[in-house]
Amino acid sequence: MDYRAEILENTKIAESITVCKRKGVACGLLQGEATKWFFNGPIGRDPTLCSNEVGNCGCIHAEFRAVENAIRWRQLRGEKASLLVNFSPCTSCANLIAVSGCIERVYYITLTEHDKRGLRHLEKAGVEVIQLRADFKGPYGQGYATG
Ligand SMILES: [Zn+2]
Ligand SMILES: [Zn+2]
């Protein structure tokens, strides 16, 4: 499975459907062989709830929705899941991922420039973080690029 291609495909979907004025974020929850996708946006898709403020626009982050789902998966199957995201998780989402105890690995494409601390929080919590560069060949193949 090409994670990077899958994320890029879902980024287009996120950008086309999101009500958020800032950006479209796609977060895939990798549970076994299946990936469930979640997107960012305001409660009830109400555009007046998005202030357009950098890092604090008021929308629910895609990772937030994915982790909520991962908690139930963990309760049901006892397994941890992995996340696929187009942007590296912000500090708040990283903390949520950390306390949930449900996520073992996070794959991302683009570093979130205004909030790089998320990655450090994840690593501190023992969550593996992998950047999917253009030459990434898959989690078990060659070309395993991290950074
Ligand atoms: Zn927003
Ligand atoms: Zn976030």
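Calculation rules
Residues numbered from 1 in each chain as written. Chains lettered and ligands numbered in written order. Predicted model: local features only at pLDDT ≥ 70, side-chain atom pairs only at ≥ 80, totals over all residues. Axes fitted to C-alpha atoms, helices over the stretch in contact; angles between N-to-C directions. Helix = DSSP H or I, 4+ residues; strand = E, 2+ residues; numbered from the N terminus. Parallel < 35°, antiparallel > 145°, perpendicular 65-115°, else oblique. Left-handed = near helix turned anticlockwise from the far one by under 90°. Contact = placed C-beta atoms within 7 Å. Nonpolar A, V, L, I, M, F, W, Y, C, P; charged D, E, K, R; others polar. Buried ≥ 20, exposed ≤ 12 C-beta atoms within 10 Å, placed from the backbone. Pairing = 2+ DSSP bridges. pLDDT = per-residue confidence, 0-100.

### A word on the packing of helix α3 (residues 91–100) against helix α4 (residues 117–124)
Part 1 of the argument: Viewed as axis vectors pointing N to C, α3 and α4 meet at an angle of 15 degrees, and their least axial separation amounts to 8 Å. When the interaxial angle is binned, α3 and α4 end up roughly parallel. Handedness of the crossing formed by α3 with α4: right-handed. Contacts between α3 and α4 pair Thr 91, Cys 93, Ala 94, Asn 95, Ile 97 and Ala 98 from the former with Arg 117, Gly 118, His 121 and Leu 122 from the latter.
Part 2 of the argument: Each residue belonging to the contact of α3 with α4 can be placed in one class, and the counts come to five nonpolar, four polar and one charged.

### Points about the environment of Thr 110
Part 1 of the argument: Note on placement: Thr 110 falls in strand β4 (residues 103–110).
Part 2 of the argument: Among the residues examined, Thr 110 registers 13 C-beta atoms within 10 Å and is labelled partly exposed.
Part 3 of the argument: Along the primary structure Thr 110 and Val 85 are separated by 25 residues, whereas in three dimensions their C-alpha atoms are 8.5 Å apart.
Part 4 of the argument: Leave out the neighbours within four places in its chain, and Thr 110 touches Asn 86 and Phe 87.

### A word on the sheet that holds strand β2 (residues 34–39)
Part 1 of the argument: On the basis of which strands lie adjacent, the open sheet formed by five strands has the order β2-β1-β3-β4-β5 and mixed pairing. Because the sheet does not close on itself, it has two edges, and the strands there are β2 and β5 (128–131). Direction aside, the axes of adjacent strands within the sheet are offset by 20 degrees on average.
Part 2 of the argument: Relative to strand β1 (residues 26–31), helix α2 (residues 62–77) is tilted by about 15 degrees, and along the sheet it contacts β1, β2, β3 (81–87) and β4.

### Comments concerning the pairing of β2
Part 1 of the argument: Strand direction decides the pairing type here: β1 and β2, joined by six bridges, are antiparallel. Each bridged residue has a counterpart across the sheet, and for Leu 29 the counterpart in β2 is Lys 36.
Part 2 of the argument: The loop that links β1 with its antiparallel partner β2 comprises two residues; one of these, Gly 32, has a positive phi angle of about 60 degrees.

### A look at the environment of Ala 66
Part 1 of the argument: Looking at where Ala 66 falls in the secondary structure, it is placed in helix α2.
Part 2 of the argument: The buried category is assigned to Ala 66, around which 29 C-beta atoms lie within 10 Å.
Part 3 of the argument: In this view, Ala 66 contacts Cys 27, Leu 29, Phe 38 and Leu 83; residues no more than four positions away in its chain are not counted.

### Considerations on the confidence of the model for the protein
Part 1 of the argument: Looking at the protein, pLDDT values average 91 and 91% of them are 70 or higher.
Part 2 of the argument: Low pLDDT, under 50, characterises residues 140–147; the predicted model gives this stretch 11 contacts beyond four residues in sequence or across chains.

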